[in-house]
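# Structural description and commentary
The chain contents come next:
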Amino acid sequence: MKDDDGAEKKDDENTKPFLEEIIYPDIEPGIISRAMIENSYLEEGHHGEALRLHQLEPVVLENIKTMRLEFKNILRIDHLWILPNLTKLCLNCNKIEVIEHLEMLTALKELNLSFNYIEKIANLETLVNLETLSLFSNRITKIENLEMLEKLVILSIGNNLIESVEGIDSFRFLDNLKVLNLEGNPIATKPDFSLSQYCIAILPKLNYYEYVFIKDEVREEAKERYYREVREIEDKQEKDIQARELQAREKAEAERLSSSFVEHLDGHQLYESLWKGDEDGRVLMLVGSQAHELAEEYDKDMFELTQEIYKLGLDSFGERDEEVRDFMANLKDGQAELQVMGQKVIEGFLAYKENVFEEARITLRQLESNMLEGEDEDSPENVKLSETMEKINFHFDETMNTMWQTLMEQELHLHEAVEESTTNFHRKMTELMSKFVEQAQSYFVQLREISVHFSENLSEIVSRYIATKLAMQDFDDVPQELHVCMDDRDAILNLIAGMKDTHTLRIDEREDRMATRSKEFIDDMIEKLNNEEIERHRAKILEINSFIEMMTDALAALPHEIREQLIAEEYF
């Protein structure tokens, strides 16, 4: 690797000047704009006639895979969300200070941010498919926020301001990391410390450091020198692994419960929420043990019902999830089938095109040769050759139009089938969700009945407590908040009504939240499916039309191509 790509990268990093030495004579500092993106795409990798033809093609942003924006004097990153399928992004040699607005580029595999002014590694968490990341020659002081990039293979953070080894051990969790460069940082100049050996010792899966292959003897020497550090890191890592596994399980469970709409219903959470902010209920509970015993029964009854809702939610989620998986699998199969059918049509046309173009080249070559030799354009031979070309053009157009109609019919058929399937899927999911909500609502009715029953029983307990105290004229241990109830029967009723209203409101809110979120879930999912299908359909139509236009332009360019060849042959 050192001899080819790796050596090139290393040399590139070591020989490029710092940003302070880069001059932008004609470019004002600015922010990435849509115009900048489109212009860079149109100018990318083409020259001469190829560039002209490339610039005639429509810019389909969804189809752009690579974007190079080097030496653009860019201060801030923006507008890249319009390139959702981007896999390679080069922003090196600019004046970027903050990594931002990249979260939508989840397909990105290669990101170059070298030679900028970046001070902090941040906002990369969503780039889970990233394989190559260069932050070479920036102003980064700390290694952080890279743990989520599990597919990372090549990482360069050389020539920064990193003074500590803190964070390097986190790379042990990046199982695919094979190439690392940290040289050029202050930590690399620390006395009696070898940064390269340290990295090689604690990162056993690393194959290259500073783009130099790590030999076995070098690895063994590094492990021996930093044996103690390796042991400490391994002990710490074991605890980290356990913590990460627990966190992953908790996150998966939370997502499952959230999608089931029964989060916080697996325990006593709903009962506990009834009493939050319930001042009336708090006062009523001051009457003593009988009230607390009643409350314990209240809690038990609430828990039994919330458990039923919880189980219902999980069962319904499983049923819906299976329906979603089946739908997505069928959708994917349908798209794959169309792709195969379309590919066969295109392959057949391209084979035909090769034969036609060969015949056209022979005809045009003879025609252009005659013209260059001074033969009259209306000579019998030239007229015959021209008629042959007209027939070739006519037949090619007819065949191309037939292919266009076939591809469009296939695409429209798929689009209509997807729309119909989505409508049926929407209906099915709505039925499943309605069934779940209706069943859950029957339990919420019972929860409200239990709440009312508790209020009535507590009212009796408080009334007896007050009556006993009045009969015995024993007010010494009566809580201050209950004194008002001694002479005012309505005060008790008001406290009971206030508590009942609060508890009923909490139950209603939880029921409404479940019903609202379940409806929003269906609406959001269907909207997303419809939007994705619209974008796919548009992109496919643009792809078909662009292909037709390219074929038309290719045939139209043949006479010029043949003429240039003949002139070149005659010249040489």
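Conventions and cut-offs
Residues numbered from 1 in each chain as written. Predicted model: local features only at pLDDT ≥ 70, side-chain atom pairs only at ≥ 80, totals over all residues. Heavy atoms only, no water. UniProt positions renumbered as here; feature names shortened; annotations may be inferred. Helix = DSSP H or I, 4+ residues; strand = E, 2+ residues; numbered from the N terminus. Pairing = 2+ DSSP bridges. Salt bridge = Lys/Arg side-chain N within 4 Å of Asp/Glu carboxyl O. Buried < 20%, exposed > 50% of the residue type's maximum accessible area, 1.4 Å probe, protein only. Axes fitted to C-alpha atoms, helices over the stretch in contact; angles between N-to-C directions. Parallel < 35°, antiparallel > 145°, perpendicular 65-115°, else oblique. Nonpolar A, V, L, I, M, F, W, Y, C, P; charged D, E, K, R; others polar. Expected span 1.5 Å × (residues − 1). Contact = heavy atoms within 4.5 Å. Lys, Arg positive; Asp, Glu negative; His and termini not counted.

The name given to the protein in an unreviewed UniProt entry is Dynein axonemal assembly factor 1 homolog, with Drosophila lebanonensis as the source organism. According to UniProt, the comment filed for the protein under the heading Subcellular location (unreviewed entry) is "Cytoplasm, Cytoskeleton, Flagellum axoneme". Taken directly from UniProt, the Function (unreviewed entry) text for the protein runs: "Cilium-specific protein required for cilia structures."

Attention now moves to the environment of Gly318. By secondary structure assignment, the location of Gly318 is in helix H9 (residues 289-372). Taking the C-alpha atoms as reference points, Gly318 and Ser260, separated by 58 residues in sequence, lie 8.6 Å from one another.

Across the sheet, which stays open at both edges, the eight strands sit in the order E2-E4-E5-E6-E7-E8-E9-E10 with mixed pairing between neighbours. Since the sheet does not close on itself, it has two edges, and those belong to strand E2 (66-68) and strand E10 (212-213), each with one partner. Sheet topology note: the E2/strand E4 (residues 88-90) ladder contains three bridges and is parallel. Paired with Arg68 across the strands is Cys90, a residue of E4.

Quick look at the pattern of salt bridges now. Summed over all chains, the structure comprises 19 salt bridges. Taking the shortest distance from any N to any O, the salt bridge between Glu100 and Arg76 comes out at 3.1 Å. Highlighted residues: Glu100 in the loop between E4 and strand E5 (110-112) and Arg76 in strand E3 (residues 74-76), separated in sequence by 24 residues. Residue class for Arg76 comes out partly exposed when judged on its relative accessible area of 38%. If you follow the salt bridges from partner to partner, you end up with Glu279, Arg282 and Glu481 in one network.

Glancing now at the packing of H9 against helix H10 (residues 380-472). Closest axis-to-axis distance for the H9/H10 pair is 10 Å, and the angle between their directions is 175°. It follows from the interaxial angle that H9 and H10 lie roughly antiparallel. Residue composition of the contact of H9 with H10, grouped by class: 45 nonpolar, 22 polar and 12 charged.

Taking 1.5 Å per residue, 34 residues should reach 50 Å; helix H6 (residues 227-260) reaches 49 Å between its end C-alpha atoms and fits that length. Against the buried residues of H6 lie helix H4 (195-202), H9 and H10. Backbone geometry just after H6 places Phe261 at a positive phi near 65°.

Locating Arg320 in the fold gives a position in helix H9. No salt bridge is formed by the buried Arg320. Its closest oppositely charged neighbour is Glu319, at 7.3 Å. What Arg320 contacts, discounting residues up to four positions off in sequence, is Ser259, Ser260, Phe261, Met429, Leu432, Met433 and Phe436.

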